Amino acid sequence: MPTRNAMNQTVTPIKTSPDSALEPRPALRSSLAGHALYLDIDGTILDLAPSPEAVEVPVWMVPLLQRLSRKLDGAVAFVSGRPIAAIDLLFRPLSFPAVGVHGGEVRTPNGEILVDEQLTAELQAAEPLLREAIGRIRGVQLENKRSVIALHYRNVPERGREVLKVAELIVGSLGSQFSVLMGKCVVEIRPRHLTKGSAMRRLMERAPFRDRIPIFAGDDTTDEDAFEVVNGLGGISLRIGEEAPTAAKFRLASPDQLRGWLLEVADA
Ligand SMILES: [Mg+2]
């Protein structure tokens, strides 16, 4: 169905196959004017690597992000499962507005960091017990991101069910404020209401994001609630990767295709 974007241009997604695959290019090709750009990192603007430390940032990536940010008056934000400190290290010297640990941390455009201290303290109190339980499953890595604890089992994918069971037990003892989130070979224990979607809403209340049409690109199940937020605001939800059930309205097959599009619109 045709819709109107902020520039009053008609945007018409074109269906290419009966099962919800939408051709993204016609709607995405035009200029970014009037939009705000929210970018997941791993599997979205960067290729997935065997571990979070092993990702490669192309040398032209930081200049590209700078051009995009200038073009959008600063309305470019990272929306990642990584802590904001880790995002900054990856894209030095940038320090963009950001959503870290899937919504557990938000850095506003004026540099303020928003976290829920109370829930972080409750989660940290349960960390020793969790570390002990997970220590019995060989090959699983515990990553303590303060407001979120991640259990990585990429090296032992067959142990996924056990890891999930341990996480569910801990969440059971923590109470209803917390939930378990499954990603690609990772299980996270996190505050239930702090999601990428809720964090993006907080950024969208603030200039320069306010009153702009959001574009959000992500690749994982942890991005689905943000796709829904963006859809609700009449924005562009863009899933990167193979076809899969998703709330996203558009799809590009790979991070490489997304980078290609970003280069195109940055210089348009
Ligand atoms: Mg991702």
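Refer to the preceding data block for the structure.
Keep in mind that this is a model prediction, so the values were computed, not measured.

A. Expanded view of the sheet that holds strand β16 (residues 250–252). Read across the open sheet, the eight strands follow the order β9-β8-β7-β6-β5-β14-β15-β16; overall the sheet is mixed. Strands with a single pairing partner mark the edges of an open sheet, and in this sheet they are β9 (113–114) and β16. The sheet strands contacting helix α9 (residues 255–266) are β14 (213–218), β15 (236–240) and β16, and the helix crosses β16 at an angle near 105 degrees.

B. Representation of the sheet that holds strand β13 (residues 186–191). Taken in spatial order, the four strands line up as β10-β11-β13-β12 in an open sheet, and their pairing is antiparallel. Each edge of the sheet is formed by a strand with only one pairing partner; in this case those strands are β10 (141–144) and β12 (178–183). For this sheet, the mean angle separating the axes of adjacent strands, direction not counted, is 20 degrees. Here β10 pairs with strand β11 (residues 149–152) via four bridges, running antiparallel. Bridged to Asn144 within β11 is Ile149. Contacts from helix α5 (residues 127–134) reach β10 and β11 within the one sheet, and its direction differs from that of β10 by about 165 degrees.

C. Region of interest: the pairing of strand β5 (residues 35–39). Buried residues dominate β5, accounting for five of its five residues. Residues of β5 alternate between two faces, with His35, Leu37 and Leu39 on one and Ala36 and Tyr38 on the opposite face, all of them buried. For β5 and strand β6 (residues 76–79), the ladder comprises three bridges, and the chain directions are parallel. Looking at β6, one finds that Tyr38 is bridged to Ala77. As a crossover connection, the stretch from β5 through helix α2 (residues 61–71) into β6 is right-handed.

Criteria and thresholds
Residues numbered from 1 in each chain as written. Predicted model: local features only at pLDDT ≥ 70, side-chain atom pairs only at ≥ 80, totals over all residues. Pairing = 2+ DSSP bridges. Helix = DSSP H or I, 4+ residues; strand = E, 2+ residues; numbered from the N terminus. Contact = placed C-beta atoms within 7 Å. Axes fitted to C-alpha atoms, helices over the stretch in contact; angles between N-to-C directions. Buried ≥ 20, exposed ≤ 12 C-beta atoms within 10 Å, placed from the backbone. Right-handed = clockwise from strand over helix to strand, strands pointing away.

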